[in-house]
Amino acid sequence: MSELEASLYALYWNNSISVAVITMISYEYILQLEKEVKFVWERQWSVMTYLYLAVRYFGILVVMFSATWGGLVYIPEAVSLSFFREF
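Bear in mind the structure is a predicted one, so any value in this text is a computation, not a measurement. (Residues numbered from 1 in each chain as written. Predicted model: local features only at pLDDT ≥ 70, side-chain atom pairs only at ≥ 80, totals over all residues. Heavy atoms only, no water.)

**Regarding the overall build of the protein**
Note the following rule: Put simply, DSSP H or I for four residues or longer makes a helix, DSSP E for two residues or longer makes a strand, and each gets a number counted from the N terminus. The contact rule is simple, with two residues in contact once any of their heavy atoms fall within 4.5 Å. Computed with a 1.4 Å probe, the accessible areas rest on the Shrake-Rupley method; for each residue, only the protein chains presented here act as cover.
In terms of regular secondary structure, the protein is built from three helices and zero strands. Secondary structure elements in the protein, listed N-terminal to C-terminal, are α-α-α. Within the protein, counting contacts between residues at least 6 apart in sequence, those at least 24 apart form 68% of the total. Here the protein has roughly 7,200 Å² of accessible surface; of this, 70% comes from carbon and sulfur atoms.

**Let's talk about a nonpolar patch on the surface**
Here is the rule we go by: Exposure above 30% relative accessible area and the lack of any salt bridge qualify a residue for a patch; like charges then connect within 9 Å, and the nonpolar side chains Val, Leu, Ile, Met, Phe, Trp and Tyr within 5 Å. Here a salt bridge means any side-chain nitrogen of Lys or Arg lying within 4 Å of a carboxyl oxygen belonging to Asp or Glu.
Residues Leu 33, Val 37, Trp 41, Trp 45 and Tyr 50 make up a contiguous nonpolar surface patch of roughly 490 Å² in combined accessible area. At three residues, the largest contribution of residues to the nonpolar patch is made by helix α1 (residues 3-41).

**As for the side chain of Thr 49**
Quick reminder of the rule: Only protein chains enter the accessibility calculation, which uses a 1.4 Å probe; a residue whose area is less than 20% of its type maximum is buried, one above 50% is exposed, and one in between is partly exposed.
In this structure, Thr 49 sits in helix α2 (residues 47-69). Judged by relative accessible area, Thr 49 falls into the buried class, the value being 9%. Setting aside chain neighbours within four positions, we find Thr 49 in contact with Val 40 and Gln 44.

**Let's talk about α1**
Put simply, the test is: A residue's bend is given by the angle between axes fitted to the 7 residues ending at it and the 7 residues starting at it.
Its maximal kink placed at Gln 32, α1 deviates by approximately 45°. Listed in full, the buried residues belonging to α1 are Ala 6, Ala 10, Ser 18, Tyr 29, Glu 36 and Val 40.

**Quick word on the packing of aromatic side chains**
Given two aromatic rings, their pairing is described by the distance between the two centres and the angle made by the two planes. Put simply, the rule is: Classification of ring pairs rests on two measures: the distance between centres of Phe, Tyr or Trp rings, Trp counted by its six-membered ring, which must be within 6.5 Å, and the angle between planes, read as stacked under 30 degrees, edge-to-face over 60 and tilted in between.
Per the stated rule, a full pass over the model turns up three aromatic pairs. Measuring from ring centre to ring centre gives 5.4 Å for Trp 41 and Trp 45, while their planes differ by 70°; the resulting arrangement is edge-to-face. Their ring planes at 55° and their centres at 5.2 Å tell us that Trp 45 and Tyr 50 sit as a pair that is tilted. With a relative accessible area of 51%, Tyr 50 lands in the exposed category.

Read these as spatial facts, not as claims about activity.
What follows is the structure, encoded as structure tokens:
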């Protein structure tokens with residue numbers, strides 16, 4: 001396998017995993033939306049409400065950004081390619 005083919009294969013796996021992660025996280029958010037409205041949005045707002053919302057929605061932004069951009073953590077090409085070669 002040439003270096004170009006290996007890079008394309010790794011990119012394909014990265015894209016597939018990104019779609020799977022975004023789908024699972026979105027599904028979890030949709031399932032919990034009714035409970036969130038009942039227990040968070042309809043209650044009196046406090047510091048804990050703001051903290052909960054910041055953590056919950058900042059987390060989804062980080063996951064989506066990380067999944068689509070390729071990650072926030074630098075992984076050397078040799079390490080990432082050796083991981084994908086095993087599969």
